[in-house]
Amino acid sequence: MKDLSMGQLKAIANQCSQYEPNGVQLTSAVGNNNPNCANCNHYQNSKCNLDLIDEILNNLDQG
Ligand code: SF4
């Protein structure tokens, strides 16, 4: 799997219906409207344990 930039992880999480914030957000006052795979409970060992990243990334590339 390719290395993903933080921008890609954000774009993916924005498209993802399974995004689950893990509460380790650095911003507190701005709200929760900044999804990012790196903040998601399903993101383990630099990959998605639901295997959604590749699927969503393909959709992004085609968009
Ligand atoms: S880690 Fe997986 S479930 Fe979480 S936002 Fe990214 S693609 Fe979606």
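Anything mentioned here points back to the structure above.
These numbers were taken from a predicted model, which means no experiment stands behind them.

Draft legend 1. Layout of the site of the ligand. Taken together, Ile-12, Ala-13, Cys-16, Gln-18, Tyr-19, Cys-37, Cys-40, His-42, Tyr-43, Cys-48, Leu-52 and Ile-53 make up the full set of residues near the ligand. Residues that form the shell around the ligand fall into these classes: 10 nonpolar, two polar and no charged.

Draft legend 2. Representation of the nonpolar core in the model. Ranked by internal contacts, the top residues of the largest apolar core, which has 13 residues, are Leu-4, Leu-9, Ile-12, Cys-37, Leu-52, Ile-53 and Ile-56. The set of elements that each furnish at least two residues to this core consists of helix 1 (6–15) and helix 2 (53–62). Not counting the four nearest positions on each side in its chain, Ile-56 is found in contact with Ile-12, Gln-15 and Cys-16.

Draft legend 3. Fine view of the packing of helix 1 against helix 2. Across the interface, helix 1 lies against helix 2 with an axial gap of 10 Å and an inter-helix angle of 95 degrees. It follows from the interaxial angle that helix 1 and helix 2 lie roughly perpendicular. Between helix 1 and helix 2, the residues in contact are Gln-8, Leu-9, Ala-11, Ile-12 and Gln-15 and Ile-53, Ile-56, Leu-57 and Leu-60, respectively. A per-class count over the contact of helix 1 with helix 2 returns seven nonpolar, two polar and no charged.

Calculation rules
Residues numbered from 1 in each chain as written. Predicted model: local features only at pLDDT ≥ 70, side-chain atom pairs only at ≥ 80, totals over all residues. Heavy atoms only, no water. Near = heavy atom within 4 Å. Nonpolar A, V, L, I, M, F, W, Y, C, P; charged D, E, K, R; others polar. Core = buried A, V, L, I, M, F, W, Y, C linked by side-chain atoms within 4.5 Å. Buried < 20%, exposed > 50% of the residue type's maximum accessible area, 1.4 Å probe, protein only. Helix = DSSP H or I, 4+ residues; strand = E, 2+ residues; numbered from the N terminus. Contact = heavy atoms within 4.5 Å. Axes fitted to C-alpha atoms, helices over the stretch in contact; angles between N-to-C directions. Parallel < 35°, antiparallel > 145°, perpendicular 65-115°, else oblique.

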